[in-house]
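For reference, the chains in residue letters:
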Amino acid sequence: MRLLKIFALTLLVLFVAQGTTFAAMPDISAKEIYYDFFKGVQVLRGNVRVAMDNHGFKAELSADEARVNMVKKCCWADGKVKLAQEDITFGCDHAYIVWDEKTASVTGKVKFENKNSVTISSDTAVFNWDTKIVDFYGKVKLKADKNVKLADGVKIDGKDYQHIQYNVVEKKILALDKKFNAPKIVIPAE
């Protein structure tokens, strides 16, 4: 039970990171929950669902599997990973979150939707929850709503790009690049 509480707190830090006190413990469910002593990770398998409410900031995470390493302060999520928060949904096949760096790196069928603003799909993406900026890389497709904001000098020129930089709070596209030397996003093994 203590490990489950530690895992719950970890997920709050990873996905919410909005304050230092928490209103309520998240609602966590999975078909299988255990601690892998050989790898040093808490494991949740099968229909993983974490619903959290941090003083009104509500979010829900779902995946086929999630693993957390408290020593390395990181988390892996695999298989139909989806994070939903208010008017934002973010999905992918694989995610790697490092909370000391305040980043989430995602790969495989990345799809981001900000209601009444944009829908962006890509091969990979990196989100920094401190700056609230996400960079999409690879074959990036953009569907922009008329309500989307653009940074100075940024103009939408079609739907296909190699890089898009987006501020999720301001709902603003910061960069649109047709040609871009994208960094290789690698999700490390445990």
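Going by the structure above, here's the rest.
What counts and how
Residues numbered from 1 in each chain as written. Predicted model: local features only at pLDDT ≥ 70, side-chain atom pairs only at ≥ 80, totals over all residues. Heavy atoms only, no water. Helix = DSSP H or I, 4+ residues; strand = E, 2+ residues; numbered from the N terminus. Buried < 20%, exposed > 50% of the residue type's maximum accessible area, 1.4 Å probe, protein only. Contact = heavy atoms within 4.5 Å. Phe/Tyr/Trp six-rings, centres within 6.5 Å; stacked < 30°, edge-to-face > 60°. Salt bridge = Lys/Arg side-chain N within 4 Å of Asp/Glu carboxyl O.

Novice: So what exactly am I meant to see when it comes to the overall build of the protein here?
Specialist: Per the secondary structure count, the protein includes one helix and twelve strands. Ordered by position in the sequence, the α and β elements of the protein form the string α-β-β-β-β-β-β-β-β-β-β-β-β. In the protein, which comprises 190 residues, the share counted as buried stands at 43%. If you take every contact in the protein between residues at least 6 apart in sequence, the share linking residues at least 24 apart comes to 40%.

Novice: Could you clarify how one ought to interpret the environment of valine 71 in this entry?
Specialist: Within the fold, valine 71 resides in the loop between strand S4 (57-69) and strand S5 (74-85). Separated by 31 residues in the primary sequence, valine 71 and glycine 40 place their C-alpha atoms 8.0 Å from one another.

Novice: Would you explain the packing of aromatic side chains in this entry?
Specialist: A full pass over the atoms with the stated rule returns six aromatic pairs. Geometrically, the ring pair formed by phenylalanine 112 and phenylalanine 136 is tilted, given 5.8 Å between the ring centres and 55° between the ring planes. Taken together, the residues span a long stretch of sequence, with phenylalanine 112 in strand S7 (residues 103-114) and phenylalanine 136 in strand S9 (residues 133-144) at a distance of 24 residues. Taking the relative accessible area as the measure of exposure, phenylalanine 112 reaches 3% and is therefore buried.

Novice: I keep staring at the side chain of histidine 163 and nothing clicks. Help me out?
Specialist: Take histidine 163: it is sitting in strand S11 (residues 160-167). If we ignore the near neighbours within four places in the chain, the residues touching histidine 163 are Asp135, Phe136, Tyr137, Val140, Ala175, Leu176, Asp177 and Phe180.

Novice: Which parts of the structure should I look at to understand the side chain of threonine 107?
Specialist: By secondary structure assignment, the location of threonine 107 is in strand S7. Take threonine 107: its relative accessible area is 14%, and that puts it in the buried class. The contact partners of threonine 107, leaving out residues within four places of it in the chain, are Cys92, Asp93, His94, Asp123, Thr124, Ile185 and Ile187.

Novice: Can you help me understand the pattern of salt bridges in this one?
Specialist: Pairs can form between side chains of opposite charge once their charged atoms are near each other. On inspection of all chains with the given rule, the structure shows 13 salt bridges. The partner of glutamate 60 in a salt bridge is arginine 49, with the nearest N and O atoms 3.3 Å apart. Here arginine 49 lies in strand S3 (residues 41-54) and glutamate 60 lies in strand S4, a separation of eleven residues in the sequence. Classification of arginine 49 by relative accessible area gives partly exposed; the value is 28%. Note that lysine 171 and aspartate 87 form a salt bridge whose closest N and O atoms lie 2.9 Å from each other. Of this pair, lysine 171 sits in the loop between S11 and strand S12 (172-177) while aspartate 87 sits in the loop between S5 and strand S6 (88-98), and the two are 84 residues apart along the sequence.

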